[in-house]
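Architecture at a glance
The lines below spell out each chain.
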Amino acid sequence: MTVATWPIELPKPERESWQSSPQESRLKRNNEAGPPSYRSRFSSVADQVSLSILVDRNGKAIFDRFHRSTTSRGSKPFYMPDPTTDGWKLYAADGRPLLTAAGRQILLSARWLCMFGDTMPAEAIVGVEFRKSFSVWVMP
Amino acid sequence: MRRMSLTARLAQDAQNTSEIYAVLFYIEHSSLDKPILLSTDPTERLQDDPLMYCTRSTWMDVNPVTDPYLFVLASATVPSDIDDVATDTSLVLENVDNDIAKLLRSFTDFATVNIACVLASSPDLIEAEWHGLKLMSAQINAGEVALTISRESIEDEKVPSGLMTKNRFPGVHR
């Protein structure tokens, strides 16, 4: 058994619906009065990321097949390129792009191990395209 | 008084702290090829497929590279220090696999459980430890498995108990 991989045919997620927040990993100490105090409960913290993609009919079929059969309706983990890092250009601190010896731009690369989030993917029609909104848990 | 590290004492007194207590379990039994090592903190990812987390510690002279303490979905209490009561602790495992019940019902004698309490940031430094406890009972239902770990009950003497014979007590039969 191998871990599934996010279909590369699907586009990058949309900017306006992007939301990322870490899992609650704190334990609040119940103070009767005064400011709250916290401590950590566990070391490895997952991140919940909500995202949406705008796809045509073909992309919808690819996404549906990936969700239904490849990940067994969202119960199996999968690898996904980190949309905020993977493919981004690498710059030096002064803003110069970092180049290889051949003069090519160096690109960042990052991979997430994901599970589909607590809510199932939602679909909406936008013009002649489909907007798939879903959330993923990014495993630590 | 139990000796604790300065980090642990400071963490307990601090208003906000990032230190995390992890409880390590070292379970041994004659029918096991090697001991079962469990941890309550997912300190680092061990492997992706299947997804497993672990805590690496040198406690009980295990090799942290080859034998990590595997993270289990569990809640644990450390043994109590109440007067006139046997030291008692419980470990509640999420019942995620049928093999848990199969294994727990496969033996009739006591498994030995060693427990240590560490900080996740310093898993090699033992804050408290309890050795040689026995796995007394396992309550299994669909959702969770509750293991009770204690010393062997003093009422459970082997029968026949010792007789006052001349061999055992020569001073009585003068």
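Attention in this report is confined to the structure presented alongside it. Note that the structure is predicted; figures quoted are calculated from it, not measured.

Parameters and conventions
- Numbering of residues starts from 1 in each chain and follows the order in which that chain's sequence is written.
- Following the order in which they are written, the chains are lettered starting with A and the ligands numbered starting with 1.
- Only residues with pLDDT of 70 or above have their local features reported here, since the model is predicted, and side-chain atom pairs are shown and tallied only from 80 upward, although totals for entire chains, interfaces and linings are computed over all residues.
- Calculation of side-chain values draws on the structure's entire complement of heavy atoms; hydrogens and water are dropped beforehand.
- By definition, any uninterrupted DSSP run of H or I lasting at least four residues is a helix, any uninterrupted run of E lasting at least two residues is a strand, and each is numbered from the N terminus.
- The quantity called the radius of gyration is restricted to C-alpha atoms. Its globule counterpart is 2.2 Å times the number of residues to the power 0.38.
- Under the scheme applied here, a residue whose accessible area is under 20% of the maximum for its type counts as buried, over 50% as exposed, and between as partly exposed, the area being computed with a 1.4 Å probe on protein chains only.
- It only takes one pair of heavy atoms within 4.5 Å for two residues to be counted as in contact.
- Computed with a 1.4 Å probe, the accessible areas rest on the Shrake-Rupley method; for each residue, only the protein chains presented here act as cover.
- Note on charges: Lys and Arg go in the positive column, Asp and Glu in the negative column, and His and the chain ends are not counted at all.
- To locate a charge, take atom NZ for lysine, CZ for arginine, CG for aspartate or CD for glutamate.
- A pair of strands is treated as paired once DSSP finds two or more bridges between them.
- Every case where a carboxyl oxygen of Asp or Glu lies within 4 Å of a side-chain nitrogen of Lys or Arg is listed as a salt bridge.

1. What about the overall build of chain A?
Each helix and strand counted, chain A has one helix and nine strands in total. Listed N to C, the secondary structure of chain A is β-β-β-β-β-α-β-β-β-β in terms of helices and strands. For 140 residues, the compact-globule formula gives about 14 Å, and the C-alpha radius of gyration of chain A, at 19 Å, lies well above that figure. Counting only C-alpha atoms and orienting by the principal axes, one finds that chain A spans roughly 60 × 45 × 40 Å. Residues counted as buried form 32% of the 140 residues belonging to chain A. A fraction of 65% describes how many contacts in chain A between residues 6 or more apart in sequence connect residues 24 or more apart. Total accessible area on chain A is roughly 8,900 Å²; 52% of this is exposed by carbon and sulfur atoms. Placing the 19 positive and 14 negative side-chain charges of chain A at their respective mean positions leaves the two points 4 Å apart.

2. Overview of the pairing of strand β7 (residues 111-116) of chain A
In the sheet, strand β6 (residues 78-81) of chain A pairs with β7 of chain A via four bridges, with the strands oriented antiparallel. Of the residues in β7 of chain A, the one forming a bridge with P81 of chain A is R111 of chain A.

3. Let's talk about the pattern of salt bridges
For the structure on display, the rule yields 10 salt bridges over all chains. Between D64 of chain A and K132 of chain A there is a salt bridge, and its shortest N-O distance comes to 2.8 Å. With D64 of chain A in helix α1 (residues 57-70) and K132 of chain A in strand β9 (residues 129-138), the pair connects residues that are 68 residues apart, well separated along the chain. Assigned by exposure class, D64 of chain A and K132 of chain A land together as buried. Measuring nitrogen to oxygen at the nearest pair gives 2.9 Å for the salt bridge that ties R45 of chain B to D48 of chain B. Take R45 of chain B: its relative accessible area is 28%, and that puts it in the partly exposed class. The network of salt bridges with common partners includes K60, D64, E123 and K132 of chain A.

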